[in-house]
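# Coordinate analysis (summary)
The primary structure of each chain is shown beneath.
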Amino acid sequence: MGYSKIIGTGSYLPERVVTNCDLESRIDTSDEWIVSRTGIEARHVAADGELTSDLAVAAARRAMEAAGVGPDEIDLIIVATTTPDMVFPSTACILQSKLGVTGGAAFDVQAVCTGFIYGLSVADKFVATGQSKCALVVGAEVFSRLLDWNDRKTCVLFGDGAGAVVLKHAEAPGIYSTHLHSDGNLGHILRVAGGIAHGQVRGNPFVEMDGPAVFKLAVRVLDECSREALAHNGFEGPDLDWFVPHQANLRIINATADKMRVPRERVVTTVARHGNTSAASVPLALDGAVRDGRIQPGHLVLLEGVGGGMTWGSVLLRW
Ligand code: UT7
């Protein structure tokens, strides 16, 4: 059957940066609180007219350029997003058109902050089995539009951005395995309980989060699913060259790395500069570490995510 392998990465961040000090002047918060509780110092926020597909197209073009792949070669596009441009068509179909891709399948995956891990897992199956020859997987979000900017418990945490990878078939890993999980009974601890009906917004269109409950769950499930991925493939934490986790909170990242016995210098973190960009956070971090030369051919890399649903999962791969 074979494997799939990432052959190019790309990312994009909107120009505007909002620092903790900017927020201090608008709401009852402090740089000291945000940094000590989360590790976040700043986040990027999309311009008014900038849509998820605009961020996605910039990241995708960079990934395709890095992979040396043109629009005619892409036969599968998966966009992981919680903030689609519109109800339909899917952001993946909009991206397909913007990229000038004319064949294959395009669809969105909705697993909130685990979305990229879910999307990459689906694409892996298509490419490893030969059903797709060349897949584009994008995590893209304008999460800032789901925030009540007067709610200090949520608005300080998130940012906007996009990251992308191109996958091709390979005879050797590539992706060793992916492991996905969800527990719908925990939907209430992190949600946007709003929707469109009869021409109006029904419910609450802003993020609601029980922060401590999400924190506890995240530390537990990220540890469990890293053990699962490593044991499934006969590895242990110290074997990892790089750990690229979802970027929500530095305390969650550090606690998970410590449990796995992965030294801090082998953990890729962007949360300080990006905040939590939901489905974009893992591919943004991955692209950063690939482009600055930290991730090298032959390295063992673990990607992990956790988010609304609740959902969580992992992808273990050889670069
Ligand atoms: O991407 C999906 C995954 N999401 C996450 O992983 C988020 C997980 N949760 C967290 O990261 C943390 O729970 C938070 C960073 C959201 C909150 O940190 P915490 O240490 O759990 O704080 P808390 O919610 O227990 O709140 C502690 C205090 C409260 O005040 P009182 O009730 O003790 O007087 C809050 O009102 O901190 C207060 N607080 C703030 N103070 C200043 C909450 N937000 C802020 C704020 N600035 N922005």
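Everything below is about the structure printed above this text.
Source: prediction; values computed, not measured.

### Quick look at the overall build of the protein chain
- Across its full length, the protein chain holds 10 helices and 15 strands.
- What you see for the protein chain is a C-alpha radius of gyration of 18 Å, in line with the 20 Å of a compact globule of 319 residues.
- Oriented by its inertia axes, the alpha-carbon framework of the protein chain measures out at about 55 × 45 × 40 Å.
- Within the protein chain, the proportion of its 319 residues that are buried is 55%.
- Carbon and sulfur atoms provide 52% of the accessible area of the protein chain, an area that totals close to 13100 Å².
- Across the protein chain, the mean location of the 28 positive side-chain charges is 2 Å away from that of the 36 negative side-chain charges.

### A closer look at the pattern of salt bridges
- Taken as a whole and assessed by the stated rule, the structure comprises 11 salt bridges.
- Across the pair Lys125 and Asp124 runs a salt bridge whose closest N-O atoms are separated by 3.2 Å.

### Side note on the nonpolar core
- Counting 43 residues, the largest nonpolar core has Leu240, Val306, Met310 and Leu316 as the members making the most contacts within it.
- Listed by contribution, the elements that provide at least two residues to this core are α7 (211–232), α8 (250–260), β14 (300–307) and β15 (311–318).
- In terms of residue count, α7 provides more of this core than any other element does, 9 residues in total.
- Not counting the four nearest positions on each side in its chain, Leu316 is found in contact with Gly174, Ile175, Tyr176, Ser177, Ala229, Leu230, Asn233, Phe235, Leu240, Leu300, Val301 and Leu302.
- Counting residues in hydrophobic clusters, the runner-up holds 29 residues, among them Ala111, Val137, Ala285 and Val315.

### Some remarks on the site of the ligand
- Near the ligand, the surroundings consist of 22 residues, among which Thr29, Arg37, His246, Asn249 and Asn276 are the closest.
- Contact distances for the ligand include 2.6 Å between an oxygen atom and a side-chain N or O atom of Asn276.
- A total of 950 Å² of accessible area belongs to the ligand in isolation, and the protein chains cover 75% of it.
- Those elements that place two or more of their residues in the shell around the ligand are α2 (31–38), α6 (152–155), α7 and α8.
- Element by element, the count of residues in the shell around the ligand is highest for α7, at 4 residues.
- In terms of residue class, the shell around the ligand is made up of 12 nonpolar, 6 polar and 4 charged.

### A closer look at helix α4 (residues 91–99)
- Along α4, the residues that are buried comprise Thr91, Ala92, Ile94, Leu95, Gln96 and Leu99.
- Buried residues in α4 make contact with α3 (52–67), β4 (76–80), β5 (105–109) and β6 (134–142).
- Of the residues trailing α4, Gly100 is marked for its positive phi of about 75 degrees.

### Some details on the packing of α7 against α8
- It is the contact of α7 with α8, at a shortest axis distance of 9 Å, that shows an interaxial angle of 35 degrees. Two packed elements cross with a definite hand, and for α7 against α8 that hand is right-handed. On α8, the residues touching Phe215, Ala218, Val219, Leu222, Asp223, Ser226 and Arg227 of α7 are Arg251, Ile252, Ala255, Thr256, Lys259 and Met260.
- For the contact of α7 with α8, the residue count by class is 7 nonpolar, 2 polar and 4 charged.

### Quick notes on the layout of surface pockets
- Here the largest pocket defines a volume of roughly 820 Å³.
- When residues of the lining of the largest pocket are traced back to their parent elements, those giving at least two are β5, β9 (190–191) and β10 (194–197).
- Taken domain by domain, the lining of the largest pocket gets at least three of its residues from each of domain 1 (3–172) and domain 2 (176–318).
- Of the pockets and cavities examined, the second largest pocket occupies roughly 650 Å³.
- What lines the second largest pocket is a set of 27 residues, among which Trp33, Lys153, Leu157, Met209 and Gly211 lie closest to the centre.
- Of all the secondary-structure elements, those providing two or more residues to the lining of the second largest pocket are α2, α6, α7, α8 and β14.
- The biggest single contributor to the lining of the second largest pocket is α7, with 5 residues.
- Looking at which domains feed residues into the lining of the second largest pocket, each of domain 1 (3–172) and domain 2 (176–318) gives three or more.

The rules behind each value
Residues numbered from 1 in each chain as written. Predicted model: local features only at pLDDT ≥ 70, side-chain atom pairs only at ≥ 80, totals over all residues. Heavy atoms only, no water. Helix = DSSP H or I, 4+ residues; strand = E, 2+ residues; numbered from the N terminus. Rg over C-alpha atoms; globule rule 2.2 N^0.38 Å. Buried < 20%, exposed > 50% of the residue type's maximum accessible area, 1.4 Å probe, protein only. Areas by Shrake-Rupley, 256 points an atom, 1.4 Å probe, with all protein chains shown as cover. Lys, Arg positive; Asp, Glu negative; His and termini not counted. Charge placed at Lys NZ, Arg CZ, Asp CG, Glu CD. Salt bridge = Lys/Arg side-chain N within 4 Å of Asp/Glu carboxyl O. Core = buried A, V, L, I, M, F, W, Y, C linked by side-chain atoms within 4.5 Å. Contact = heavy atoms within 4.5 Å. Near = heavy atom within 4 Å. Polar contact = N/O pair within 3.5 Å; in protein donor to acceptor, adjacent residues only side chain to side chain. Nonpolar A, V, L, I, M, F, W, Y, C, P; charged D, E, K, R; others polar. Axes fitted to C-alpha atoms, helices over the stretch in contact; angles between N-to-C directions. Left-handed = near helix turned anticlockwise from the far one by under 90°. 1 Å grid on protein atoms, 1.4 Å probe; cavity = no way out; pocket = protein on both sides within 12 Å on 5 of 7 lines; lining within 4 Å. Points joined across faces, edges and corners; volume = space filled by probe spheres on them. Domains from an automatic or database assignment.

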